[in-house]
Protein chains: 2
Amino acid sequence: MSDKNIYLFGGGSAEGAGQSREILGGKGAGLAQMSALGIPVPPGFTITTEVCNAYHARGRRYPEGLEEEFHAQLAALEALQGRRFGDLEDPLLLSVRSGSAISMPGMMDTVLNLGLSRESVEAQIAAGVDPRFLRDCDRRLVTMYGDVVLGLPHDDFEAILSRQRSAAGVESDAELTADDLAAVTDAHLELIASSGTPFPEEPLAQLWGAVAAVFDSWNIQRARDYRRLHQIADDLGTGVNVQAMVFGNRGPDCATGVAFTRNPATGQRRIYGEYLINAQGEDVVAGTRTPLSIAPTDGSGGLAADFPEAYAELQNVCDVLEDERKEMQDVEFTIEDGKLYMLQTRDGQRTGAAAARIAVAMVEESRIDSATALERVEGEQIAQLLAPVFDPDEKRAAIEDGRLLATGLAAGPGAASGRIALTAERAAEMAAGGDVVLVRDETSPEDIVGMHASVGILTSRGGMTSHAAVVARGMGKPCIVGASALAVDSEAGEVRVGDRVYREGDEISIDGTAGEVIAGPLAAHPSDVLDALLSGEGDSPLISATRQLLAWSDDSRRRAIRANADTPHDAAVARALGAEGIGLCRTEHMFFEETRLGWVRQVILARRAAGRTEPLARLRPVQQSDFEGIFEAMDGLPVTVRLLDPPLHEFLPREESAIARLAGQMGLTRQQIEDTLESLSESNPMLGHRGCRLGLTHPEIYAMQVEAIVRATVALARRGLDPRPEIMVPLVGTEAEMARLREQVVEIVETVLAEAECELEIPIGTMIEVPRAALVADRIASHADFFSFGTNDLTQMTFGYSRDDVASFLPEFVEKGILAANPFATLDVEGVGQLVALACERGRSQKPGLKIGICGEHGGEPSSIAFFESCGLDYVSCSPYRVPVARLAAARATLGYGSELSSGL
Amino acid sequence: MSDKNIYLFGGGSAEGAGQSREILGGKGAGLAQMSALGIPVPPGFTITTEVCNAYHARGRRYPEGLEEEFHAQLAALEALQGRRFGDLEDPLLLSVRSGSAISMPGMMDTVLNLGLSRESVEAQIAAGVDPRFLRDCDRRLVTMYGDVVLGLPHDDFEAILSRQRSAAGVESDAELTADDLAAVTDAHLELIASSGTPFPEEPLAQLWGAVAAVFDSWNIQRARDYRRLHQIADDLGTGVNVQAMVFGNRGPDCATGVAFTRNPATGQRRIYGEYLINAQGEDVVAGTRTPLSIAPTDGSGGLAADFPEAYAELQNVCDVLEDERKEMQDVEFTIEDGKLYMLQTRDGQRTGAAAARIAVAMVEESRIDSATALERVEGEQIAQLLAPVFDPDEKRAAIEDGRLLATGLAAGPGAASGRIALTAERAAEMAAGGDVVLVRDETSPEDIVGMHASVGILTSRGGMTSHAAVVARGMGKPCIVGASALAVDSEAGEVRVGDRVYREGDEISIDGTAGEVIAGPLAAHPSDVLDALLSGEGDSPLISATRQLLAWSDDSRRRAIRANADTPHDAAVARALGAEGIGLCRTEHMFFEETRLGWVRQVILARRAAGRTEPLARLRPVQQSDFEGIFEAMDGLPVTVRLLDPPLHEFLPREESAIARLAGQMGLTRQQIEDTLESLSESNPMLGHRGCRLGLTHPEIYAMQVEAIVRATVALARRGLDPRPEIMVPLVGTEAEMARLREQVVEIVETVLAEAECELEIPIGTMIEVPRAALVADRIASHADFFSFGTNDLTQMTFGYSRDDVASFLPEFVEKGILAANPFATLDVEGVGQLVALACERGRSQKPGLKIGICGEHGGEPSSIAFFESCGLDYVSCSPYRVPVARLAAARATLGYGSELSSGL
């Protein structure tokens, strides 16, 4: 540790001006910086974080020489202020505040007015200081010391204060007289003494006690747990700031306040904050008095009217700080006798909208460059801008009204409100009469039409990548999954939550951004920004800023962005939002439209391959027309079509009535259909007969699909368009699978192209989603033109987690820190990431130019995108509505910013 | 390729005596070796396998100079024999035979009597050669040439011969006259000519035609497929053997035969084989005449009586060959005019019993050392010795009778016969009345008691590591799974196979070694060898040999052998068969006994952790007594106990009636039980809430188990025994899981030991069965005392194959060569093996002395054991009845012999 451990600041200079946040803590560094800039700051000194570490390393003893240095700096501070700490008649009063590089719950915060004592209070009153003011300061010191330093229950102090208010027949502390306050202080002193440790009347003992309390709070359980959970090093340590008091509670020309240099909700460039006249900082927090707006939007007076000089100074300080720190600031200040003192400055928290506007504005103001602007806006903040929202006040009122029914996983951002439908069929029917929210235990591919018809989806089971969650995000619909408090009984036509019962048709609202299920209706507003991006029309400062950020992103990023889209509509949405191709076009959803489903079932129920010829021949032209629509929407851009992936039983009905109906349609007995169902049923369908395994055992299905793809391509090319299909084989795990399927596919492609007398290159590749495929990626690469990581399945198999079943333990694992994050939301770099990196390396060792992308859910998740950047992937593919998020995240990854870890739950 | 391409042999010497099988092919090398040893061999020459490769590489043209070399060697052969090939009156006749280093179906085999022509036959008859003999030779040449060289259908030739027999009014070809045979030959020549390619009358054309046919047959589809499936290199190539004819069909002092130097079924040291008087080799194969035994067991004459000199010579040849080749030989011979000629020698195929006896006998005879003996016996051959068997003749007769109902996967070796039971309960009831075979679609843990009560298990579904297969092998019971022709209808009380119906109680027999299901009873005999190993009593040459081999194995192997055993009985069996510990003691089976199951269900159905206390307190002492029994059976040896692994829903009933009964017992409503079932049900239980995930969310269950283990240990230690438990946590995938569970376990271990005032070391380790665990094995190793690979689950997750569902495609994949073997039977070294090797390396990089074993099904599979040897595993653990197999396989692996690949299906 260094020789210098305590840094003085004040009087227009600061010893610690060149020192980092790591040494001084965030608060200390801010104070030093302000002081060095000549901003009015009450002088003081900062004990470094290194002392904190040394203190704990030495068994809670200060390093040698520290006490001498402390007293020397205290003497310097006394000299600056012209007052002596501990003086009886005119004492220097001090505050002690903690300050780590990262703020942390559980850490000791603040003790004010240190340096008072019974003796000194009496002496000052005798010397003419306002008794009410002094009694109030004394009362605050004793309370804070007992509560914060000695750890006695805050409520016990409040109870005494409350009793005194009753006795005095007043409502607020402000109305208590000096004598009232003296009585309170006496009672507080008794309370403290009765705990076994009396309040120290000796000022230096108060000061050292407060310093030790800050250091000790670094190592309490709650702070340690927080650090482990957030992967913060234990040796970061906290600093301690000892600072001369200034008083916002000394009279009507005093005040205290907090301010943002810009509006943290909207980003507007205008000071935003609140203040209280004749108060200390804790009064703002306590909420007993309503603070005033610094710069009211109604144009009324505000701080400018009450304290014109201080307001002008504050404006100036804000400008200087933004010039210096290049960031929107969150400041605390006190006005004493009309003069402004700054107590804190730090970079301000903000909403997504504010982040976007501020970042762009700061570039326009030449404070930062566009790369820095991209550093300032996280992908999830862009996602916020695109989601529909409830009016925050209305939602808060509803929750206060007891309408919060349940919480679940926030699986699809946005807000939706509508009538409950308990089956997909009912949802489709009811949708004609207004908005519907589909509520199910879980959804399956048969529910697609009903999901389309609904404004939001709510399930009692499933995880972040359950069917409901994936499809809802793909559709851009608000969705909550795993809301396990709901008991969905579709037969009884009701949803039970505890003893409350909601029937189909009752209104419900879901906030898919927050995971909150609310009884009754709430008004949801679509996102203006999304509308503007989709239409290319509309304008507002936020819309302009968003467009600007995305434009800079496109200039900066190295990775291409594609979308996962299965329909011409989704493809068009993706393209409007900036997608440069389709990375995953699933073909199974196309099989669920009612007429087609009949043919699909004929294919499945045919006892011999020959019986499949006719229904496949019917499916072929409709698949072709599906592909034509998608290829046209993506004219000139690549479209990766995945051949059929799910197991065949997903296409057969489960209910007795549907089986009977199907038997009638097919001219089969119910027993025959049940036998087929039985023979196709699987214990673990995720690990069953699907993907390329079906392609090898039932080659005629893939043959039909490939023929449809190639014919669609030929048809569009003849119309002068530029279709660019890529054929993707799912679930490959061995070289032989890929080699044989490539052979099968090539043969059909060549046959159709030869018949059409057409020359086209159609790349053939595979998904890497089985762990074994990653391990033998070099061998597979010799038969593949591209890889696309299916990180959903890869995560399932690498962890051995079924994404449909993890809701029973995964949230608990994340909460307890067994998992750092939900691996289905944020790629598990430590484990699954090894397989991704390995497959990239081995694939390219075999085939240097191999194109590699990712089309799992992680393709739209910013911190995962950062990892994919490090692996050198060519593109990421995500839900259409996530494309803007991915564009920004990819740019941030290229610029090296995207390493933040989001928990994803 | 070398300068010399054709090697002459005969007359007591051989140019190729020093050349390898790879160059000359197996047949050519044998002929050269015999010739050099002075064994009577008709002279000839061998064209090397390198010529085959060159021929194909040059687009089916012979390398330059080959024809000259061929004609020079032909001239040398003519000189040796004193006859000219193509001579009219006294021609040298030749045979052409293929000969690769590995014999291969589809390859051209033999053409005899080359060198005859119409003209020559007439000239020889005119010169006084026996016309009947000559016409017969001519007929054989033309038939073979048309069939084998030209590829015309064999049946067409047979039809002509058959018509001639009818016309002549005789039964056998031997009764046809010279004229009859001439007529047949004429008709055959016409048949050939009508195909477009007339039979070549020119002898050299015949000879070159036959040579080309051998080379061409190397590359036909069937041979290529076979090579790919068996991973035989395409450039191995085949040799061609051209050899002077000797005739076993020249008269009554001629004969032809095949012999083994020892009995290939029993290993007895006595020539074993058959011969036909006055016949050519193909007559033995054709089966139209019944061959005679060379050395009849009834002591009657045999070859010694018919041909005393030739028999003495044959005995001498057998001894010389065994001395030289140090192996039991399979030879072909011809006797011409009383003189013996050897045509082939090769190492003989044999049963497991013969392999064991011969290997041990050859050591006793000082022909080989004990290591070589171990090289000669494969693990699966030992497995054969331990399985019960049907009488082969009785089974063959049953199959010929049409009683073969179905085939399935040979999941548990051995034979069983009994009455059909369609539920586990019925099996348990019926077992009192005699042997029962349990027949189900598939089995589940609830069926354990019924499986115990049955002599064999047959399922219509499932793969080699389905529940039925694993449990049956564990119990050492014959088992067939995936017999998909069976439609099991337990409600109707019947099994349907096509239109045949079998009812519960009907008799059925299963051969679990062959995978054959046979209607009706068959007598099964237990294995004498198994009985002897278990009891330590009994003796026979085979039992002695087996004991000797296992003793040598134990001296040679580096790996320890443990068994997977869950009961004191299984532990005792394992120990008797040589297990040196238990590598996997599953605890879930202990939960299924009826009283306990009630308590287990109370634990599951308790709504709060508190409600679990009482039933867990009841389970604890019974678990303790389970462990005491097992630890006592394995006194002094390690026992690895796996904490509870399966998901909780496995312990709840499914049927309505059972649910109602349970509700009554528990004082709950049916709805409450159904709600619990619903909340616990999983889409993919394999990837669900089980293993250590349960241990973390329901710590009280593991706590009970650990307490039971430690108390059992203490109790036994107090009795002066030496219990050595090891606690194994299943399904760990992350460092945090292992770290926390270790903490939980250690706390309980220390508490119980402290209470008991006992000092014991109980290692705590984990299974490596989730791919992620292998990837982060270094991190996990820092909290684990040992690793045990759970290769079943590791294979499932690495491939993405559910072992319960693979029956629908895996057999097809293996058959088509998409997979080289069933990865659940033979470890997939290429993929899963990477993870095993990686985990070993990373685990030991973190903790150099880390003990590592394997307790998956692969622990008893020889080629997998060879791979585990290469990874440096400390032990393998397998089913108790596989322990002798594993002992041998481990020795073979240590000696470097175990690399044979078994397909495992």
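Residues numbered from 1 in each chain as written. Chains lettered and ligands numbered in written order. Predicted model: local features only at pLDDT ≥ 70, side-chain atom pairs only at ≥ 80, totals over all residues. Heavy atoms only, no water.

Participant: It is not clear to me how helix α34 (residues 832–846) of chain B should be interpreted in this structure. Could you clarify?
Facilitator: Given 3.6 residues per turn, any residue in an α-helix points the same way as the ones three and four places further on. Residues and elements named next belong to chain B. Along its 15 residues, α34 runs 21 Å from first to last C-alpha, staying within 8% of the 21 Å computed at 1.5 Å per residue. Residues of α34 that are buried include every one of Val832, Gly833, Leu835, Val836, Ala839, Cys840 and Gly843, and no others. Seen end-on, α34 carries its buried residues on one side only, within an arc spanning 160°. Exposed side chains of α34 directed beyond 90 degrees from the buried face belong to Glu841 and Ser845. (Helix = DSSP H or I, 4+ residues; strand = E, 2+ residues; numbered from the N terminus. Expected span 1.5 Å × (residues − 1). Buried < 20%, exposed > 50% of the residue type's maximum accessible area, 1.4 Å probe, protein only. Arc of directions from axis to C-beta.)

Participant: What am I meant to see in the sheet that holds strand β21 (residues 500–503) of chain A here?
Facilitator: Sheet strands pair by backbone hydrogen bonding; their relative direction is either parallel or antiparallel. All names here are of chain A. Sheet architecture is open: three strands sit in the order β19-β20-β21, paired in antiparallel fashion. A single partner strand is all that each edge strand has here, and the edge strands are β19 (486–489) and β21. Along the sheet, successive strands turn relative to each other by an average axial angle of 20°, direction set aside. Of the pairings in the sheet, the one linking strand β20 (residues 494–497) to β21 comprises four bridges and is antiparallel in character. (Pairing = 2+ DSSP bridges. Axes fitted to C-alpha atoms, helices over the stretch in contact; angles between N-to-C directions.)

Participant: Is there a simple way to think about the packing of helix α35 (residues 862–871) of chain B against helix α36 (residues 883–895) of chain B in this case?
Facilitator: Helix-helix packing is characterised by the crossing angle of the two axes and by the distance between the axes. All names here are of chain B. Viewed as axis vectors pointing N to C, α35 and α36 meet at an angle of 50°, and their least axial separation amounts to 8 Å. Considering the angle they form, α35 stands oblique to α36. Every pair of crossing elements has a handedness; the one defined by α35 and α36 is right-handed. Judged by residue contacts, Pro862, Ile865, Ala866 and Glu869 of α35 engage Val885, Ala886, Ala889, Ala890, Ala893 and Thr894 from α36. For the contact of α35 with α36, the residue count by class is eight nonpolar, one polar and one charged. (Parallel < 35°, antiparallel > 145°, perpendicular 65-115°, else oblique. Left-handed = near helix turned anticlockwise from the far one by under 90°. Contact = heavy atoms within 4.5 Å. Nonpolar A, V, L, I, M, F, W, Y, C, P; charged D, E, K, R; others polar.)

Participant: When you look at the sheet that holds strand β32 (residues 875–878) of chain A in this model, what are you seeing that I'm missing?
Facilitator: Residue and element names in this part refer to chain A. Strand order around the closed barrel formed by eight strands is β25-β26-β27-β28-β29-β30-β31-β32, with parallel pairing between neighbours. Between one strand axis and the next, the sheet turns by 30° as a mean value, whatever way the strands run. Inspection of the sheet shows strand β27 (residues 638–642) paired to strand β28 (residues 724–729) by five bridges, in the parallel sense. Bridge pairing in β28 places Thr640 opposite Glu726. The sheet strands contacting helix α24 (residues 613–633) are β26 (582–586), β27 and β28, and the helix crosses β27 at an angle near 150°.

Participant: How do you make sense of the interface of chain B and chain A when you look at a structure like this?
Facilitator: The extent of an interface is frequently quoted as the accessible surface area lost upon association of the parts. Facing 48 residues of chain B, the contacting portion of chain A comprises 49 residues. Roughly 4,600 Å² is buried in total at the junction of chain B and chain A, and carbon and sulfur atoms are behind 49% of that figure. Our count for the chain B to chain A interface comes out at eight salt bridges. For Glu678 of chain B, the salt bridge goes to Arg461 of chain A, with nearest N and O atoms at 3.3 Å. Run the count over chain B and chain A and you get 33 residue pairs in polar contact (both at pLDDT 80 or more). If you list the elements that add at least two residues to the side of chain B that touches chain A, you get α27 (692–697), α29 (735–756), α30 (771–775), α32 (791–799), α33 (810–815) and α34 of chain B. Tallied by class, the residues present in the side of chain B that touches chain A amount to 17 nonpolar, 14 polar and 17 charged. (Buried area = accessible area lost by both parts, 1.4 Å probe. Salt bridge = Lys/Arg side-chain N within 4 Å of Asp/Glu carboxyl O. Polar contact = N/O pair within 3.5 Å; in protein donor to acceptor, adjacent residues only side chain to side chain.)

Participant: Explanation requested: the nonpolar core in the structure shown.
Facilitator: A general trend in soluble globular proteins is that nonpolar side chains are found buried together. Core analysis: the biggest nonpolar cluster contains 295 residues, and Phe789 of chain A together with Phe789 of chain B have the highest contact counts within it. Setting aside residues no more than four positions away along its own chain, Phe789 of chain A makes contact with Ile768, Leu794, Val836, Ala839, Cys840, Ile852, Gly853, Ile854, Cys855, Gly856 and Leu873 of chain A. Counting residues in hydrophobic clusters, the runner-up holds 57 residues, among them Phe70, Met108, Val111 and Val121 of chain B. (Core = buried A, V, L, I, M, F, W, Y, C linked by side-chain atoms within 4.5 Å.)

Participant: Explanation requested: the relation of the copies chain B and chain A in the structure shown.
Facilitator: Between the two copies of the chain lies a rotation about an axis combined with a shift along it. When chain B is fitted to chain A, the residual RMSD is 0.4 Å, and the transformation amounts to a turn of 180° plus an axial shift of 0.2 Å. Here the two chains are linked by the operation of a two-fold rotation axis. Identified as the residue of chain B closest to the rotation axis by C-alpha distance is Asn684 of chain B, at 2.0 Å. A share of 100% of the interface residues of chain B reappears at the interface of chain A, consistent with the copies meeting face to face through the same patch. (Least-squares fit on C-alpha atoms with pLDDT ≥ 70 in both.)

Participant: Explain the confidence of the model for chain A here, please?
Facilitator: Should pLDDT be low for a region, the predicted coordinates there are not to be read in detail. All names here are of chain A. Mean pLDDT for chain A: 91, with 97% of residues reaching 70 or above. Scored below 50 in pLDDT, residues 900–905 shows 24 contacts in the model against residues more than four places distant or in partner chains. The ipTM, which scores confidence in the relative placement of chains, is 0.80 for this predicted complex, and the corresponding pTM is 0.81. (pLDDT = per-residue confidence, 0-100.)

Participant: Before we go on, may I ask you to explain the pattern of salt bridges in this structure?
Facilitator: Oppositely charged side chains can form a pair if their charged atoms are brought close together. All names here are of chain A. For the structure on display, the rule yields 121 salt bridges over all chains. Between Glu327 and Arg350 there is a salt bridge; the shortest N-O distance is 3.0 Å. In this pair, Glu327 sits in the loop between α12 (308–325) and β10 (329–336) while Arg350 sits in the loop between β11 (339–347) and α13 (352–364), placing the two residues 23 residues apart along the sequence. Across this residue pair, the class does not change: Glu327 and Arg350 are buried. Among the ionic pairs, Asp554 bridges to Arg887, the shortest N-O distance being 2.7 Å. Of this pair, Asp554 sits in helix α21 (residues 541–556) while Arg887 sits in helix α36 (residues 883–895), placing them 333 residues apart in sequence. On the basis of relative accessible area, Asp554 is assigned to the partly exposed category, the value being 29%. One continuous salt-bridge network, built from bridges that share partners, spans Arg262, Arg269, Glu322, Asp323, Glu365 and Arg367.

Participant: Would you mind showing me how to read the packing of aromatic side chains here?
Facilitator: What describes a pair of aromatic rings is the distance from one ring centre to the other and the angle between the planes of the rings. Per the stated rule, a full pass over the model turns up 30 aromatic pairs over all chains. Residues Phe627 of chain B and Phe631 of chain B carry aromatic rings whose centres are separated by 5.9 Å and whose planes lie at 15° to one another, so their mutual orientation is stacked. Here Phe627 of chain B and its partner Phe631 of chain B are both found in helix α24 (residues 613–633), four residues apart, which amounts to about one turn of the helix. The residues Phe627 of chain B and Phe631 of chain B share a single accessibility class, namely buried. The ring of Tyr341 of chain A carries Lys339 of chain A above its face, with NZ or CZ at 5.0 Å from the centroid. If you follow Arg562 of chain A out to its NZ or CZ, it ends over the ring of Tyr875 of chain A, 3.9 Å from the centre. (Phe/Tyr/Trp six-rings, centres within 6.5 Å; stacked < 30°, edge-to-face > 60°. Lys NZ or Arg CZ within 6 Å of the ring centre and 35° of its normal.)

Participant: Sorry, what's going on with the side chain of Asp511 of chain A here?
Facilitator: On the secondary structure map, Asp511 of chain A appears in strand β22 (residues 507–511). Here Asp511 of chain A is in contact with Phe390, Lys395, Gly414, Ile480 and Glu516 of chain A, once residues within four sequence places are set aside.

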